[in-house]
Amino acid sequence: MALDHSNHQGKFGESFVRTVAAASGLLVSQPDPDFDGVDFSFKYPGARKTAYLPQIDVQVKSWRVPTGAGDTWNYSMESKHFNQLAGTFDIPRFLFLVVVPADVRAYTRADDECLRLYRACYWASFKDVQPAWEIPGDKEVKAPVPKRNLLTVDSLLALMVRPVTSLEAS
């Protein structure tokens with residue numbers, strides 16, 4: 001039995017993010033169970049001569065019908081998921097939004113030279129945003145995700161080693 005479209009899309013989104021993390025040389029862990037909205041924790045391996053081991057936590061969402069005006073995606077997410085990202089945490093938290101093709105058969109293309117993953121992942125920080133506690137958990141919140149915040153090896157490593165303000169570009 002095949003995965004339904006939403007589960008297939010979600011698994012691809014997580015695999016997309018894991019691929020960028022692997023290319024970045026980061027350690028990846030996945031909480032079990034996913035209790036507090038953290039899908040992955042990324043750690044920078046080895047001694048960095050810092051007082052802490054650089055680490056971030058991420059929530060991964062995938063999206064097949066992206067909308068947004070100008071330079072920002074306007075992702076609708078349940079307020080309970082937004083609240084798990086908004087505000088300050090001991091370990092910085094980010095939304096990683098993977099925009100995928102509508103047709104699951106278009107997720108990848110392979111040839112003798114490479115495996116291409118379609119389309120792209122963007123990140124957002126809501127560190128300086130107040131959680132939407134007054135909104136019931138099953139209601140939606142528009143989460144702005146800057147299109148300039150493309151997730152790449154370089155941008156992911158930059159998120160690991162410096163503080164990020166909300167909606168800041170890398």
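### Description of unusual backbone geometry
Here the amide bond leading from Asp-32 into Pro-33 is cis, since omega sits at 0°, within 30 degrees of zero. The linkage connecting Tyr-118 with the following residue, Arg-119, adopts the cis geometry, with an omega of 10°. Here Arg-119 shows up in the loop between strand 7 (115-117) and strand 8 (120-124).

### Some details on the nonpolar core
Residues Val-17, Phe-42, Ile-56, Val-58, Phe-96 and Leu-156 are the most contacted members of the largest nonpolar core, which totals 22 residues. At the level of elements, helix 1 (5-24), strand 2 (40-43), strand 3 (55-63), strand 5 (93-99), strand 8 and helix 3 (153-161) are the ones that each hand at least two residues to this core. Ranked by the residues each element gives to this core, the list is headed by helix 1, at five residues. For Phe-42, the contacting residues outside a window of four places in its chain are Val-17, Ala-21, Leu-26, Leu-27, Val-28, Pro-54, Gln-55, Ile-56, Val-58, Phe-96, Leu-156 and Met-160. Grouped together as the second largest cluster of nonpolar side chains are 18 residues, Trp-73, Tyr-75, Ala-86 and Leu-97 included.

### Some details on the confidence of the model for the protein chain
Overall, the prediction assigns the protein chain a mean pLDDT of 89, with 90% of residues at 70 or greater. Within the protein chain, the element-level pLDDT minimum falls on helix 2 (residues 79-83), averaging 91, and the maximum on strand 8, averaging 98.

### Section: the packing of helix 1 against helix 3
At their nearest, the axes of helix 1 and helix 3 sit 9 Å apart, and the two run at 80° to each other. Between helix 1 and helix 3, the angle falls in the class roughly perpendicular. Only Val-153, Leu-156 and Leu-157 of helix 3 make contact with helix 1, whose side of the interface consists of Val-20, Ala-21, Ala-23 and Ser-24. Of the residues that constitute the contact of helix 1 with helix 3, the class distribution is six nonpolar, one polar and no charged.

### Section: the pattern of salt bridges
Note on pairing: side chains with opposite charge can pair once their charged atoms come close. With the rule as written, the count across this model stands at four salt bridges. Of the charged contacts in the structure, one is a salt bridge between Arg-105 and Asp-103, with a shortest N-O distance of 3.0 Å. Linking Asp-111 and Arg-116 is a salt bridge whose minimum nitrogen-to-oxygen distance equals 3.0 Å. Residue Asp-111 is classed as partly exposed on the basis of its relative accessible area, which comes to 37%. In this structure Arg-116 comes out as partly exposed when scored by relative accessible area, which is 34%.

### Brief notes about the state of the cysteines
All told, the structure shown has zero disulfides when counted by the stated rule. The closest cysteine sulfur to the non-disulfide-bonded Cys-114 is located on Cys-121, 19 Å from its own sulfur.

### Details of the packing of aromatic side chains
Scanning the model with the defined rule gives nine aromatic pairs in all. Note on Phe-12 and Tyr-107: the rings are 4.3 Å apart at their centroids and 20° apart in plane angle, and the pair reads as stacked. Of the two residues, Phe-12 sits in helix 1 while Tyr-107 sits in the loop between strand 5 and strand 6 (108-110), which places them 95 residues apart along the sequence. In this structure, Phe-12 and Tyr-107 share a single accessibility class: buried. Taken together, a centroid distance of 6.1 Å and an interplanar angle of 15° make the contact between Phe-40 and Phe-42 stacked. Note on accessibility: Phe-40 and Phe-42 belong to one class, buried.

### Things to note about the sheet that holds strand 2
Sheet architecture is open: five strands sit in the order 1-2-3-5-8, paired in mixed fashion. Edge positions in the sheet fall to strand 1 (27-29) and strand 8, since each has one partner strand and no second. The average undirected angle you get between the axes of adjacent strands in this sheet is 30°. As judged from the three bridges shared by strand 1 and strand 2, these two strands associate in the antiparallel manner. Counted as the bridge partner of Ser-29 is Ser-41 from strand 2. Sitting on the sheet, helix 1 touches strand 1, strand 2, strand 3, strand 5 and strand 8, and the angle it makes with strand 3 is about 140°. Across the sheet, helix 3 is in contact with strand 2, strand 3, strand 5 and strand 8; its angle to strand 3 comes to roughly 140°.

Rules used in this analysis
Residues numbered from 1 in each chain as written. Predicted model: local features only at pLDDT ≥ 70, side-chain atom pairs only at ≥ 80, totals over all residues. Heavy atoms only, no water. Helix = DSSP H or I, 4+ residues; strand = E, 2+ residues; numbered from the N terminus. Core = buried A, V, L, I, M, F, W, Y, C linked by side-chain atoms within 4.5 Å. Buried < 20%, exposed > 50% of the residue type's maximum accessible area, 1.4 Å probe, protein only. Contact = heavy atoms within 4.5 Å. pLDDT = per-residue confidence, 0-100. Axes fitted to C-alpha atoms, helices over the stretch in contact; angles between N-to-C directions. Parallel < 35°, antiparallel > 145°, perpendicular 65-115°, else oblique. Nonpolar A, V, L, I, M, F, W, Y, C, P; charged D, E, K, R; others polar. Salt bridge = Lys/Arg side-chain N within 4 Å of Asp/Glu carboxyl O. Disulfide = S-S within 2.5 Å. Phe/Tyr/Trp six-rings, centres within 6.5 Å; stacked < 30°, edge-to-face > 60°. Pairing = 2+ DSSP bridges.

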